[in-house]
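A look at the structure
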Amino acid sequence: MSLFNVYPRFDITLTRAKGVYVFDSNNQQYLDLYGGHGVISIGHSHPAYINQVTAQLEKIGYYSNSVNMPIQEVLANKLAAQSGYHNHQLFLCNSGAEANENAIKLASFHTGNKKVIAFHGSFHGRTAAALNVTDNPKLSAPVNLDNFPVEFIDLNNVEQLADAVNSNDVCAVIVEGIQGVGGLNAPTEDYLKLLAQLCKQNSVVLIVDEIQSGYGRSGKFFAHQYAGIEADIITMAKGMGNGFPVGGLLIHPDIKPEHGMLATTFGGNHLACAAGIAVLDTLADEELLKHVIQVSKWLINELQPITKIKAIKGKGLMLGVEFDFPVKELRTALLNDCYILTGASANPNLLRILPPLPIKIDEIAPFSIALKEILA
Ligand SMILES: Cc1ncc(COP(=O)(O)O)c(C=O)c1O
């Protein structure tokens, strides 16, 4: 049977991974500055992760949400402690798109409204509602075209925001903590403060998509916490399971659950929770938020003097290095000549850097050395 060929792939086959490195079938080591789309948070094959997931598998790997799930409460309590969202409620699902799909539905259930405000450059996933608020018409099939109304506005444009949020029938504004696929543009702290205030005044649900920027990647637990605001719904996935497919929503206490309102067969199963708990324990035990800020500062200092770099965008270890030329060849040279994996984005001139969070300075240093050599 052939595979449905939708992915452009690098011609490498990975057979094992450890920490910040992955190894191919010839045992060649690669420095992983991409974490498979920003998924690897605590590092590949982390011993605490292996132990927790293995121990859980030996007890019970899966049962559905038709029985008590105390392991979900353990995860929720750890998440509250680390995120500071003590009063929000947790709903667990399986992916980023599914988290956003549920967030938009909840906002609509809660307000009775239909229209969503989203941002130019956004990416929220490929299922129906998530795709409808994603700013990329190329991803839509004909069945996606007559969906609920969405108004796309410019990030950080105050007038557009005020007009959009004041209009009738708005149920939600959805914004990424830091845009990932779009190319590392982010709402400013002042803009986020205004956004939170306008949403509150107009009874509009503020959904912050932290699927990529959350779980310590920015140096705060969630990137929007740099602005000191609280969101009504926060969506999470990627780093949450360090590779195990887990997604989730933190939901404001005013949004009341009803049986059957949301559901999923696999969401919040025992193994997924064990993976999620191992991630949270490791973030705390290794003080990774503090570490992310230190390594990020070091790397930015190293990269800033490189004259061919036009801008360094993003926060923590969610960085975009922008040039005034397309980076396709540079990425290929980094991979083929220096064995360093990096990411791309909608901005062809931007290298995306999303390493495992425990990466040490001496582990990331070869990246700046390689960049200098290739650009010389
Ligand atoms: C900000 C953001 N939201 C949502 C998604 C969709 O997540 P998934 O691919 O798990 O459905 C992504 C994936 O790249 C993302 O970066």
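Residues numbered from 1 in each chain as written. Predicted model: local features only at pLDDT ≥ 70, side-chain atom pairs only at ≥ 80, totals over all residues. Heavy atoms only, no water.

Looking at the element boundaries, I40 is found in the loop between α1 (35–38) and α2 (47–59). Judged by relative accessible area, I40 falls into the buried class, the value being 9%. It is 17 Å that separates the C-alpha atoms of I40 and T235, two residues lying 195 residues apart in sequence. Non-local contacts of I40, meaning those with residues more than four positions away in its chain, are made with G35, R217, N242, P355, P356 and L357. (Helix = DSSP H or I, 4+ residues; strand = E, 2+ residues; numbered from the N terminus. Buried < 20%, exposed > 50% of the residue type's maximum accessible area, 1.4 Å probe, protein only. Contact = heavy atoms within 4.5 Å.)

This brings us to the domain arrangement of the protein. Accessible area lost when the parts come together is the quantity often used to give the size of an interface. When the domains of the protein are assigned, the result is domain 1 (14–46 + 287–375) and domain 2 (47–285). Relative placement of domain 1 and domain 2: their C-alpha centres are 25 Å apart. Counting residues at the interface gives 32 residues for domain 1, matched by 33 residues for domain 2. Of the roughly 2600 Å² buried at the junction of domain 1 and domain 2 (both faces included), carbon and sulfur atoms supply 60%. Between the two partners, domain 1 and domain 2, sit 18 residue pairs in polar contact (both at pLDDT 80 or more). When residues of the side of domain 1 that touches domain 2 are assigned to their parent elements, the largest contribution, 4 residues, is made by helix α9 (residues 288–303). (Domains from an automatic or database assignment. Buried area = accessible area lost by both parts, 1.4 Å probe. Polar contact = N/O pair within 3.5 Å; in protein donor to acceptor, adjacent residues only side chain to side chain.)

Every α-helix winds through 3.6 residues per turn, so residues three or four apart in the chain are directed the same way. Compared with the 21 Å implied by 1.5 Å per residue over 15 residues, the 21 Å span of helix α11 (residues 361–375) between its first and last C-alpha is a close match. Among all positions in α11, only E363, I364, A365, F367, S368, A370, L371 and L375 are buried. (Expected span 1.5 Å × (residues − 1).)

Following the criterion strictly, the structure yields 5 salt bridges and no others. Note that K115 is salt-bridged to E151, the shortest N-O span being 3.1 Å. On the criterion of sequence distance, the pair formed by K115 in strand β5 (residues 115–119) and E151 in strand β6 (residues 150–153) is long-range, its members being 36 residues apart. Residue class for K115 comes out buried when judged on its relative accessible area of 16%. E302 serves as the salt-bridge partner of K372, at 3.3 Å between the closest nitrogen and oxygen. You can see K372 sitting in helix α11 and its partner E302 sitting in helix α9, a full 70 residues away along the chain. In this structure K372 comes out as partly exposed when scored by relative accessible area, which is 38%. A relative accessible area of 26% means that E302 is categorised as partly exposed. (Salt bridge = Lys/Arg side-chain N within 4 Å of Asp/Glu carboxyl O.)

What follows is about the sheet that holds strand β13 (residues 340–341). One open sheet accounts for 4 strands, arranged β1-β2-β3-β13; its pairing is mixed. At either end of the open sheet lies a strand with only one pairing partner, and these are β1 (14–18) and β13. Note that β1 and strand β2 (residues 21–24) share 4 bridges and pair antiparallel. Looking at β2, one finds that R16 is bridged to F23. (Pairing = 2+ DSSP bridges.)

Our focus in this paragraph is the environment of I251. The residue I251 is located in strand β10 (residues 247–251) in this model. What makes I251 buried here is its relative accessible area of 8%. Sequence separation between I251 and A231 is 20 residues, and the spatial gap between their C-alpha atoms is 8.7 Å. With residues near it in sequence (within four places) discarded, I251 still touches H88, Q89, F91, L106 and D232.

What follows deals with the pairing of strand β3 (residues 29–32). Where β2 lies against β3, 3 bridges are found, and the strand directions are antiparallel. Bridge pairing in β3 links F23 to Q29. Taken together, β2 and the strand that follows it, β3, pair antiparallel across an intervening segment of 4 residues, in which N27 is found at a positive phi of about 70 degrees.

A word on the site of the ligand. Surrounding the ligand, one finds S95, G96, A97, N100, F123, H124, G125, E176, D209, I211, Q212 and K238. Between G96 and the ligand, the recorded distance is 2.8 Å, taken from a backbone N or O atom to an oxygen atom. Residue K238 places a side-chain N or O atom 2.9 Å away from an oxygen atom belonging to the ligand. For the ligand, the protein covers 79% of the area, taking 390 Å² as the surface of the free molecule. The leading source of residues in the shell around the ligand is helix α4 (residues 96–111), at 3 residues. (Near = heavy atom within 4 Å. Areas by Shrake-Rupley, 256 points an atom, 1.4 Å probe, with all protein chains shown as cover.)

The next subject is the state of the cysteines. Joining two cysteines, a disulfide is a covalent bond between their sulfur atoms. Considering all chains together, one arrives at 0 disulfides under this definition. In this structure C93 is not part of a disulfide, and its nearest cysteine sulfur, from C273, lies 12 Å away. (Disulfide = S-S within 2.5 Å.)

In space, the 7 strands of this open sheet follow the order β4-β10-β9-β8-β7-β5-β6, with mixed pairing throughout. Each end of this open sheet is capped by a strand with a single partner; those strands are β4 (89–93) and β6. Averaged over all neighbouring strand pairs, the angle between strand axes comes to 20 degrees, with direction disregarded. Examined bridge by bridge, strand β7 (residues 170–176) and strand β8 (residues 205–209) share 5 bridges and lie parallel to one another. Note on β8: the bridge partner recorded for V175 is V208. Contacts between helix α6 (residues 158–166) and the sheet are confined to β5, β6 and β7, with β6 contributing the most and set at about 165 degrees to the helix. (Axes fitted to C-alpha atoms, helices over the stretch in contact; angles between N-to-C directions.)

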